[in-house]
Amino acid sequence: MAFSLDNHWVWDFWVADPGDSFHLFYLHAPKSLGDPELRHRNARIGHATSTDLIEWTDHGEVLAPGPAGSFDATATWTGSVVRGDDGLWRMFYTGAVFPSATGMANVESIGVATSTDLHTWTKQEFVLRADEAHYEKLGDSAWPEEAWRDPWVFQDQRDGSWHMLITARAKGSGVAGGGVIGYAQSTDLERWTVRPPLSPPSAVFPHLEVLQVVDVGGKSVVVFCGARTADENRTSDAPAEGVWAVEAPGFPAAVRVDDARLIAPAPYYAGRIVHDRSGAPVLLAFIGSPGSDTLLGIADPIPMAGVWP
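By convention here, each chain's residues receive numbers from 1 onward along its written sequence. For a predicted model such as this one, the threshold for reporting local features is a pLDDT of at least 70, and the threshold for listing and counting side-chain atom pairs is 80 or more; totals across whole chains, interfaces and linings nevertheless cover every residue. Water and hydrogen atoms were dropped before computing side-chain values, which therefore reflect all heavy atoms in the structure.

(A) Structural context of the nonpolar core. F3, L24, F25, I45, V81, M91 and W121 are the most contacted members of the largest nonpolar core, which totals 45 residues. Strands here are runs of E lasting at least two residues and helices are runs of H or I lasting at least four, both read from the DSSP assignment and numbered beginning at the N terminus. Sorting the residues of this core by element identifies β1 (8–16), β2 (22–30), β3 (44–50), β4 (57–63), β5 (75–83), β6 (89–97), β18 (268–275) and β19 (281–287) as the ones contributing at least two each. If you tally residues by element for this core, the top one is β1, at 7 residues. The set of buried Ala, Val, Leu, Ile, Met, Phe, Trp, Tyr and Cys residues whose side-chain atoms join them within 4.5 Å is what this entry labels a nonpolar core. Throughout, exposure labels follow a simple rule: accessible area from a 1.4 Å probe, protein chains only, divided by the maximum for the residue type, with under 20% read as buried, over 50% as exposed, and the rest as partly exposed.

(B) Geometry of the sheet that holds strand β13 (residues 192–195). The pairing criterion is simple: DSSP has to find at least two bridges between the two strands. Pairing is antiparallel across the open sheet formed by 4 strands, whose spatial order is β10-β11-β12-β13. The open sheet is flanked by β10 (148–155) and β13, the only strands paired with a single partner. Here the strands of the sheet are splayed against their neighbours by 25 degrees on average, with no regard to which way each runs. By the bridge criterion, 8 bridges tie strand β11 (residues 162–169) to strand β12 (residues 179–186) in an arrangement that is antiparallel. What sits directly across from M164, in β12, is A184. Orientation is described by axes fitted as lines to C-alpha atoms, over the contacting stretch for helices, and by angles from 0 to 180 degrees between their N-to-C directions.

(C) The arrangement of unusual backbone geometry in detail. For the bond running from F251 to P252, omega is 5 degrees, close enough to zero to count as cis. Relative to the helices and strands, P252 is located in the loop between β16 (241–247) and β17 (261–265). Of note, the bond from A266 into P267 is cis; its omega dihedral lies within 30 degrees of zero at 20 degrees. By the secondary structure assignment, P267 is in the loop between β17 and β18. If you check the backbone angles, D150 has positive phi at about 55 degrees while not being a glycine. Along the chain, D150 turns up in strand β10. We classify D150 as buried; its relative accessible area is 2%.

See below:
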């Protein structure tokens, strides 16, 4: 196991690479809560570093929920880290608010914190919310959340523009499907415009979690995790939950996520592709799918040569 904590559950994560070491940002919650499902209401963002993606030094918590009334008043969830053209590091992350102390319903929004060294982070006055013109809001269906989370931010090297992929649901969806690649665009990382989804509503994925777009072998690949609710083309005993990938030529452009292939079945989840120091792409994922009562931490890197294409 590459990274775990004795007294905390560790699950979703993302990696920043300034060149000298890898910086891991991860969600964690105390095991003293008893029930692993309570971790979502108590998530904080931690930080660790490594030179090889295997041996990690933990630096503890770097971001916690905000005060009552803020967009991240209940918990801080998954995000991504990029360095802007100004040299400043930005962590775009999910803020969650649970209106009820016991219910599952929650509203998710996206905020940002900045850092000069990847160790100390300061929240900024910025909140990006789902646009009801294109995306489902809480109460539009029986789905128990306003899905607008897991921002993955990257720069288009062709024109310098910035793009954000977001876990979201299409307006008017049912609970068996409706997952889409939510999308926002910016020229400067400061001002963002929410755009229509980059994928048609999925027929088999209710949501596409921890999205990432990454170059693998010279081709753009979209990675996400989730569970298929139906698939007439698979056998009944075939795995249908875990980490998925689909080629995305010309990205950002429309992607058919229902064509994705399972590259790491459960209990692997929340996979991220990272290029190691040799330049080879490897897959990191945590062990313990969402329905599991055993969250073991982040697994050792898996060479992509063995799972893709």
